[in-house]
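Coordinate analysis (summary)
Residues per chain are reported as follows:
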Amino acid sequence: MTQPTGTNTLSLKGTSVDTLAGTAPTSAPAVLRKLYLLRFAFAAVWAVLLFATADTLGPLTATLLVIYPLFDVACAVIDIRSAQVNGRPVRGLYVNIALSALTGIGLAIAATCGIPAVLRVWGAWAVTAGIVQLIVGAVRRQLGGQWAMIASGSISILAGASFVAQAGEDGASLSNLAGYAFLGGVFFLVSALRLGRTRTKA
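Predicted model only: the values in this text are computed from it and were never measured.

**Observations concerning the overall build of the protein chain**
- Counting its secondary structure elements, the protein chain contains seven helices and zero strands.
- Starting at the N terminus and ending at the C terminus, the protein chain contains elements arranged as α-α-α-α-α-α-α.
- Sorting the 202 residues of the protein chain into buried and exposed places 49% on the buried side.
- Intrachain contacts of the protein chain at a sequence separation of at least 6 include 79% that bridge at least 24 residues.
- For the protein chain, the exposed area adds up to about 9,200 Å²; of that, 68% sits on carbon and sulfur atoms.

Right, here's the structure in full:
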């Protein structure tokens, strides 16, 4: 549920971040809509593949685990370019890139230690990324389609805490990560559809 992000609550030359988000060119929602649709498609395919291999932590599963945060990095880079063109804040996007990159490294290491280690790393990422997504959704709310992102960030925080808790239980499985990713993709789809309606009305 990790989502593209960008936060800065400070004023910039007397103009608040909320004002920047609210007056961004109409191309900003269009770019976000395409990005959200891409993230939904990726999350759906990834979830199916992980669910099919969740019982064991083999090379394929480990590769899938590392790919997910790296894809998040790529999406954040695209979002940064759009944000810079449209005058939106990008600080949170850089935070998101750093978190996802570190998570990719952490998952590669955790995959050699077992499923509980993977759940702890993924859980920590879900919590921190959820906080960032929650804040960014609030900042971008005037662009439209962001309430789903706010809800997604909130759920990500709770899910991350549950993954950490599951790591200490017997029979820990990665199947819940597939469900988490798919649900996050659904929220991206909802946001994309709402952005499409906003663009049509504009």
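**A few points about the environment of Gly104**
- Inspection of the secondary structure assignment puts Gly104 in helix H4 (residues 91–110).
- As for Gly104 and Pro69, which are separated by 35 residues in sequence, their C-alpha atoms are 5.6 Å apart.
- Ignoring sequence-local partners within four residues, the contact set of Gly104 consists of Val66 and Pro69.

**Concerning the packing of aromatic side chains**
- A complete count under the given rule lists ten aromatic pairs for this structure.
- Here Phe42 and Tyr68 contribute two aromatic rings whose centre-to-centre distance is 5.9 Å and whose plane-to-plane angle is 45 degrees, an arrangement assigned as tilted. Linking Phe42 in helix H2 (residues 27–53) with Tyr68 in helix H3 (residues 59–85), this pair joins segments that are 26 residues apart in sequence.
- An aromatic cluster of at least three residues, connected via ring pairs, comprises Phe42, Trp46, Tyr68, Phe71, Trp122, Trp125, Phe163 and Tyr180.

**Comments concerning helix H6 (residues 147–166)**
- Between its first and last C-alpha atoms H6 spans 28 Å; for 20 residues at 1.5 Å apiece the expected length is 28 Å, and the two agree.
- Within H6 the residues assigned to the buried category are Ala148, Met149, Ile150, Ser152, Gly153, Ser156, Ala159, Gly160, Phe163 and Gln166.

**As for the confidence of the model for the protein chain**
- With 78% of its residues at a pLDDT of at least 70, the protein chain reaches an overall mean of 80.
- Across the protein chain, the secondary-structure element scoring lowest on mean pLDDT is helix H1 (residues 17–22), at 32, and the one scoring highest is H4, at 91.
- Here residues 3–26 is modelled with pLDDT under 50, and outside its nearest four sequence neighbours on either side it reaches 55 contacts, counting other chains as well.

**With respect to the side chain of Arg39**
- Within the secondary structure, Arg39 is located in helix H2.
- With relative accessibility at 4%, the residue Arg39 sits in the buried group.
- Within the structure, Arg39 has its side chain in polar contact with the side chain of Asp72 (distance 2.3 Å).

**What about the packing of helix H5 (residues 115–139) against H6?**
- Close contact between H5 and H6 brings their axes to 7 Å; oriented N to C, the two are set at 165 degrees. In this view, H5 runs roughly antiparallel relative to H6, as classed from their interaxial angle. Crossing of H5 over H6 shows left-handed handedness.
- Of the residues that constitute the contact of H5 with H6, the class distribution is 14 nonpolar, ten polar and one charged.

The rules behind the values
- Positions within a chain are numbered from 1, following the residues in the order the chain's sequence is written.
- Reporting of local features is limited, given that this is a predicted model, to residues whose pLDDT is at least 70; pairs of side-chain atoms are given and counted only at 80 or more, and all residues count toward the totals for whole chains, interfaces and linings.
- Values shown for side chains rest on all heavy atoms present in the structure; no hydrogens or waters enter the calculation.
- Segments assigned H or I by DSSP are reported as helices when at least four residues long, segments assigned E as strands when at least two residues long, and all are numbered from the N terminus.
- Here's how the labels work: a residue is buried when its accessible area is under 20% of the maximum for its type, exposed when over 50%, partly exposed in between, all with a 1.4 Å probe on protein chains only.
- Any two residues whose heavy atoms approach within 4.5 Å at even a single point are treated as in contact.
- Using a 1.4 Å probe, the Shrake-Rupley method yields the accessible areas, and only the shown protein chains count as cover for residues.
- When the centres of two rings from Phe, Tyr and Trp lie within 6.5 Å, Trp using its six-membered ring, the rings pair. Their planes under 30 degrees apart give stacked, over 60 give edge-to-face, and anything left gives tilted.
- Any helix carries an expected span of 1.5 Å times its number of residues minus one.
- Values of pLDDT, ranging from 0 to 100, describe the predictor's confidence in every residue of the model.
- Here a polar contact is recorded for every N or O atom pair within 3.5 Å, except that within protein the pair must consist of a potential hydrogen donor and a potential acceptor, and residues adjacent in sequence are included only if both atoms are side-chain atoms.
- Note on geometry: axes are lines fitted to C-alpha atoms, helical ones only across the stretch in contact, with angles between N-to-C directions running from 0 to 180 degrees.
- Should an angle fall under 35 degrees it is called roughly parallel, over 145 degrees roughly antiparallel, and 65 to 115 degrees roughly perpendicular, with every other angle called oblique.
- By convention, the crossing between two helices is left-handed when the near helix turns anticlockwise from the far helix through less than a right angle, and right-handed when the turn is clockwise.
- Each residue is assigned to one class: nonpolar for Ala, Val, Leu, Ile, Met, Phe, Trp, Tyr, Cys and Pro, charged for Asp, Glu, Lys and Arg, and polar for all the others, Gly among them.

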